[in-house]
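Take a look at the letters that make up each chain.
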Amino acid sequence: MQNAQPADPRRWRQGARELLAGKGAFWPLRVAAVALPLLAFALATGQSWRRVQTEAAAELVRRVELLQEHARRAFETQDALLAALQWQIRGMPWPQILADAPLAEMLAYLVRSTPGTGNLGLAAPDGQAALQGNPPGPARPVGLAGRAFLLRQRGPAPGPYVSPPMAGPAGGRPFFHYSRPRRDADGRPDGGALWTSFRPADFTAVYARLVGAAGDEVALLRREDGALLASYPSQPAAADAAAPPTLHAADGLAAALAAAGPVEGPSPFDGRTRRYLVRHLPDHPVSVVYGQNPEGPRALWRREALNSGMIAATAMLLLLWLTAVAQRRARGEAVALQRGQAEAERRAEAEAALRQTQRLEALGQIAAGVAHDFRNTVQAVRAGARLARKSLEAGDTRRAAELLEMVATAAGRGALLTDRMLRMARRGAQPRNAPAVLEPEAALRAAVELLRRTLPAGYPVTLEVDRRDLPPRVVGDPAELEAALLNLALNARDAMPRGGPIRVRLEGVPPGAPPPLGFGASQAQARISMADSGIGMDPATLARAAEPFFTTKQGHGTGLGLASVRAFAHGAGGAMQVTSEGPGRGCTILLWLPAAPGGGGELARVWTAAGLGLRPGWEAARPAGLPTGCTALAPGRASGGGCPGPWQRLPEAGTAARTTGPAAP
């Protein structure tokens, strides 16, 4: 093997140009010009197939859920009619029922005025007499003793029942019965039946509007035996109830009825394969099935594949042409490549220098912010010390003590700033599974101060505190509590467009207290209430007030305010309740937060009112055995109310019910 010689850069560049200019040097590019578009085409078609199938599956679920909702509303409408009929005849014997002319008129009116109702009536236990709305009139002898809907209600398990479909009288339109038992005065079935009837044609008309594409199928089935009640495309009905149209085990509809997800199988109507998905009505013995024609998604995929193929062919021709051009201009491109590489290296070096400069700039901004805070602290300490010295020289010891207390407060702010920076630097070492804990009274006072400064004029916020049974600390994050109260206050503001008072109350709840005071928790709780005098809520709105995305603020509401408040309360192990006496009578929101476990000693997050020397969100160590009502103030302030320094007893509840916050020092 020959010894390697040092490479001459000029010879290397010349060799590179000759290699690029050679006839055989570009065959990899020609292969790539063909292979890459083909690979891209394969990837695009594969991705398109997966996307089309995913969209088809989602569309199948959406369609069958629309059908389920339609069927549920149809049967709930009939349930409402039967419930009204049951109420109307409560306690009446059958002879009186069958002779009641106003009842017959009511049945005829309900049949005429309720869309989708073919008939409505009552059948005596013996099946020999019935009262119905179509045709209207008094009770008449009938032969219903052998009808399936009456036999079910006279049997050992009466309840909601859907009969097999049957042809109408004198060759009329098909129908099927839906019945429930008639109950006596004690609420027990007496063998009679309250029934209504559906016309399959009504379902078919709706299904024709709900199908997604040509070739799709819809079916309404009896769950117990798979009898076909209604379908689209419409199928011939059986001549009588003894031979209702049913499904075979090999049909896709029958397989879907027993499966929990999509099933592919032959259609019982035309034999073509479809993808079926079933949804059962939980409180009714029927199911809806949607059959999706797989040719629809396949045709869409073929169109997209054709477009991808045309793009791939165009790209292939373009790449081959570019390869030919590149081969003719190889010498110049080699030189340009070398120049470009050198330029890229210079640009990378410049970008690295720029990034270093930006990092230094960011560090400078952080340092400037910290220096600004420390400068304010140092200025406050220097000014206070200078004024205190002058007061001492003048013999004014009281003024000097006040100024020295201000100096201590400013120094405490600097210490807390340093502690905050150290906690941020060591954040990764902090435990993440410990629950957040707060002092309810201190946190609520701070939040109320924020509300007073946030809400516009005309919305006075009052706070009332009842310390009986109030736990000193409860589970909950102060920031989340403040956000929850801010959400409630903004809702109260929107409910009072002309302004009005917002009343906040904090009180303790002993363990096991039942509603309305508590919610039965085994530990003590703090109950927070916020009340307004706004537009209030009706029962329907009150029932859905805490649902996500439900809002009555047309055009600007998100429906997430009360839902987030409820999530905060439940996340802390508490509860939330919304109450209102009716429209125009205001609304009250109640929050329960459970007492924190343990006796103290760990870090307890406290929020104090503005002007007391601390910013919201700063933390202070709370020693074990600290009396209830003491909270952390600025270090160096004189303690009071039986609290050791640097702890201060909060003001009494009577002094907290104000409409404006305390003045800043």
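Residues numbered from 1 in each chain as written. Predicted model: local features only at pLDDT ≥ 70, side-chain atom pairs only at ≥ 80, totals over all residues. Heavy atoms only, no water.

J.: Could you give an account of the packing of aromatic side chains, naming the residues involved and the relevant values?
T.: Per the counting criterion, the structure on display carries 8 aromatic pairs. Aromatic pair Phe-176 and Phe-203: ring centres 6.2 Å apart, planes at 35°, arrangement tilted. Of the two residues, Phe-176 is situated in strand E5 (residues 176-183) and Phe-203 in helix H6 (residues 200-210); the sequence distance between them amounts to 27 residues. When its relative accessible area of 3% is taken as the criterion, Phe-203 is described as buried. Members of the aromatic cluster, joined through ring pairs, are Phe-75, Phe-176, Tyr-178, Phe-198, Phe-203 and Tyr-207. Here the basic side chain of Arg-90 rests over the ring of Trp-87, its NZ or CZ set 3.7 Å away from the ring centre. The lysine or arginine in question, Arg-182, covers the ring of Trp-94, its NZ or CZ lying 5.5 Å from the ring centre. (Phe/Tyr/Trp six-rings, centres within 6.5 Å; stacked < 30°, edge-to-face > 60°. Helix = DSSP H or I, 4+ residues; strand = E, 2+ residues; numbered from the N terminus. Buried < 20%, exposed > 50% of the residue type's maximum accessible area, 1.4 Å probe, protein only. Lys NZ or Arg CZ within 6 Å of the ring centre and 35° of its normal.)

J.: Now, about the sheet that holds strand E7 (residues 217-222): what can you tell me, with residues and values included?
T.: Strand order across the open sheet formed by 5 strands is E8-E7-E11-E10-E9, with antiparallel pairing between neighbours. The sheet is open, and its two borders are formed by strand E8 (228-232) and strand E9 (263-266), each paired with just one other strand. Neighbour-to-neighbour, the strand axes of the sheet open up by a mean angle of 30°, direction not taken into account. (Pairing = 2+ DSSP bridges. Axes fitted to C-alpha atoms, helices over the stretch in contact; angles between N-to-C directions.)

J.: Could you give an account of helix H11 (residues 440-454), with specific residues and numbers?
T.: Its 15 residues give H11 an end-to-end C-alpha distance of 21 Å, which sits within 8% of 21 Å, the value for a rise of 1.5 Å per residue. Taken across its 15 residues, H11 has 12 buried, putting it largely inside the fold. Residues Pro-440, Glu-441, Ala-442, Ala-443, Leu-444, Arg-445, Ala-446, Ala-447, Val-448, Glu-449, Leu-451 and Arg-452 constitute the buried set of H11. (Expected span 1.5 Å × (residues − 1).)

J.: If you had to explain unusual backbone geometry to someone new, which residues and values would you point to?
T.: A negative phi angle characterises most non-glycine residues, just as the trans form characterises most peptide bonds. Tyr-232 connects to Pro-233 through a cis peptide bond whose omega is 0°. Mapping Pro-233 onto the fold places it in the loop between E8 and helix H7 (252-258). Positive phi, close to 60°, is recorded for Asp-469, a residue that is not glycine. Tracing the chain through its elements places Asp-469 in the loop between strand E13 (461-466) and strand E14 (474-475).

J.: Now, about the pairing of strand E11 (residues 286-292): what can you tell me, with residues and values included?
T.: Taking burial as the measure, the 7 residues of E11 include 7 buried ones, the bulk of the element. Here E11 shows no split at all, with Val-286, Val-288, Tyr-290 and Gln-292 on one side and Ser-287, Val-289 and Gly-291 on the other all buried. As paired strands, E7 and E11 are joined by 6 bridges and run antiparallel to one another. Its bridge partner being in E11, Arg-222 is matched across the sheet by Val-286. Where strand E10 (residues 273-280) lies against E11, 6 bridges are found, and the strand directions are antiparallel. If you follow Arg-279 over to E11, its bridge partner there is Val-288. Counting the residues between successive antiparallel strands, the hairpin from E10 to E11 contains 5 residues.

J.: Break down the packing of helix H12 (residues 478-495) against helix H14 (residues 561-571) for me, with residues and values.
T.: As a packed pair, H12 and H14 sit with axes 9 Å apart at the nearest point and diverge in direction by 150°. In this view, H12 runs roughly antiparallel relative to H14, as classed from their interaxial angle. Once H12 is placed against H14, the crossing between them reads as left-handed. In this structure, H12 uses Glu-480, Leu-481, Ala-484, Asn-487, Leu-488 and Asn-491 to contact H14, whose residues at the interface are Gly-561, Leu-562, Ser-564, Val-565 and Phe-568. Taken together, the residues of the contact of H12 with H14 break down into 6 nonpolar, 4 polar and 1 charged. (Parallel < 35°, antiparallel > 145°, perpendicular 65-115°, else oblique. Left-handed = near helix turned anticlockwise from the far one by under 90°. Contact = heavy atoms within 4.5 Å. Nonpolar A, V, L, I, M, F, W, Y, C, P; charged D, E, K, R; others polar.)

J.: Describe helix H4 (residues 101-113), naming the residues involved and giving the relevant values.
T.: In this model H4 runs 18 Å from its N-terminal to its C-terminal C-alpha over 13 residues, within 8% of the 18 Å that 1.5 Å per residue would give. Three or more residues of H4 are buried, namely Leu-103, Ala-104, Leu-107, Ala-108, Leu-110 and Val-111. Down the axis of H4, the smallest arc covering the buried residues is 160°, so these residues share one side. Residues Pro-102, Glu-105 and Arg-112 are exposed on H4 and point more than 90 degrees away from its buried face. Among the residues of H4, the N-terminal cap falls to Asp-100, whose side-chain oxygen and the backbone nitrogen of Leu-103 are separated by 3.3 Å. (Arc of directions from axis to C-beta. Polar contact = N/O pair within 3.5 Å; in protein donor to acceptor, adjacent residues only side chain to side chain.)

J.: Any chance you could break down the sheet that holds strand E15 (residues 502-509) for me, citing the residues and the numbers?
T.: Within a beta sheet, neighbouring strands are joined by backbone hydrogen bonds and run either parallel or antiparallel to one another. In space, the 5 strands of this open sheet follow the order E13-E15-E16-E18-E17, with mixed pairing throughout. In this open sheet, the two edge strands, each paired with only one partner strand, are E13 and strand E17 (575-579). Neighbour to neighbour, the strand axes of the sheet diverge by 15° on average, direction disregarded. As defined by bridge partners, strand E16 (residues 525-532) adjoins strand E18 (residues 587-594) across 8 bridges and the pair is classed as antiparallel. Counted as the bridge partner of Ala-526 is Leu-593 from E18. With respect to the sheet, H11 is in contact with E13, E15 and E16, its orientation differing from that of E13 by roughly 170°.

J.: Tell me about the environment of Ser-231, and name the residues and values.
T.: Of note, Ser-231 is situated in strand E8. Once the C-alpha coordinates of Ser-231 and Val-289 are considered, the two residues, 58 residues apart in sequence, prove to be 9.3 Å apart. Only 3.0 Å separates the side chain of Ser-231 from the backbone oxygen of Pro-233, close enough to count as a polar contact.

J.: Explain the confidence of the model for the chain to me, using residue names and the numbers behind them.
T.: Chain-level statistics for the chain give a pLDDT mean of 76 and a share of 73% at 70 or above. Low pLDDT (under 50) marks residues 423-432, which in the prediction has 2 contacts with non-local residues, meaning those over four places away or in another chain. Taken as a whole, residues 631-641 scores under 50 in pLDDT and shows 42 contacts with residues more than four places along the chain or in a different chain. (pLDDT = per-residue confidence, 0-100.)

J.: Go over a nonpolar patch on the surface, please, and point to the residues and values.
T.: The grouping of Leu-36, Leu-39, Leu-43, Leu-318, Leu-319, Trp-321 and Leu-322 at the surface amounts to a nonpolar patch, some 680 Å² of accessible area in total. Within the residue set of the nonpolar patch, elements represented by two or more residues are helix H2 (27-88) and helix H8 (295-328). If you tally residues by element for the nonpolar patch, the top one is H8, at 4 residues. Among the residues examined, Leu-322 registers a relative accessible area of 39% and is labelled partly exposed. (Patch = residues over 30% accessible without salt bridge, like charges linked within 9 Å, V, L, I, M, F, W, Y side chains within 5 Å. Areas by Shrake-Rupley, 256 points an atom, 1.4 Å probe, with all protein chains shown as cover. Salt bridge = Lys/Arg side-chain N within 4 Å of Asp/Glu carboxyl O.)

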